[in-house]
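The lines below spell out each chain.
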Amino acid sequence: MHYQTEAWGSYMPTRSTTMGDPLERIERMASENAVVIFSMSTCCMCHAIKRLFCGMGVNPTVYELDEDPRGKDMEKALMRLLGSSSAVPVVFIGGKLVGAMDRVMASHINGTLVPLLKEAGALWL
């Protein structure tokens, strides 16, 4: 699992667009890796979703919003995007929004998660 923050320049290139609209920043971050999870370090559901992907052999990129100075703005943007009062965890696969915990688990149970991961290049088997 890759834990990322914008301050870790060795992992994520810093671009001039990082100070812009939180939704644009989320879209950019989500498109840079096959599987991206927006999380909170103290959230038990976030931990469960990270363990699910790691258990499947996927190495997600994780952004801990509570460790990001602009995390609150991103959290609000994610809530608007989901139309929900809970912002995390939010999963993007192949740059496309999958959704929160309920959508990811439903995809896993109905068998559509693995094909999404393969298509995004996150799984090879």
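In the block above lies the structure referred to throughout.
This structure is a prediction, so every number in the text was calculated from the model and none was measured.

A.B. asks: Would you explain the environment of Cys 43 in this entry?
C.D. replies: Secondary-structure assignment places Cys 43 in the loop between strand 2 (35-39) and helix 2 (44-55). The exposure class of Cys 43 is buried, given its relative accessible area of 19%. Once the C-alpha coordinates of Cys 43 and Glu 64 are considered, the two residues, 21 residues apart in sequence, prove to be 9.9 Å apart.

A.B. asks: It is not clear to me how the state of the cysteines should be interpreted in this structure. Could you clarify?
C.D. replies: Cysteine pairs can be linked by a disulfide, which is a covalent bond between their two sulfur atoms. Considering all chains together, one arrives at 0 disulfides under this definition. Just so you know, Cys 44 is unpaired, no disulfide at all, and the nearest cysteine sulfur is the one on Cys 43, 5.6 Å from it.

A.B. asks: Can you walk me through the packing of aromatic side chains in this structure?
C.D. replies: What describes a pair of aromatic rings is the distance from one ring centre to the other and the angle between the planes of the rings. Scanning the model with the defined rule gives 2 aromatic pairs in all. Centroid distance Phe 38 to Tyr 63: 5.4 Å. Interplanar angle 20°. Geometry classified as stacked. Linking Phe 38 in strand 2 with Tyr 63 in strand 3 (residues 61-64), this pair joins segments that are 25 residues apart in sequence. Grouping residues by exposure puts Phe 38 and Tyr 63 together as buried. In this structure an aromatic cluster arises from ring pairing among Phe 38, Tyr 63 and Phe 92.

Rules used throughout
Residues numbered from 1 in each chain as written. Predicted model: local features only at pLDDT ≥ 70, side-chain atom pairs only at ≥ 80, totals over all residues. Heavy atoms only, no water. Helix = DSSP H or I, 4+ residues; strand = E, 2+ residues; numbered from the N terminus. Buried < 20%, exposed > 50% of the residue type's maximum accessible area, 1.4 Å probe, protein only. Disulfide = S-S within 2.5 Å. Phe/Tyr/Trp six-rings, centres within 6.5 Å; stacked < 30°, edge-to-face > 60°.

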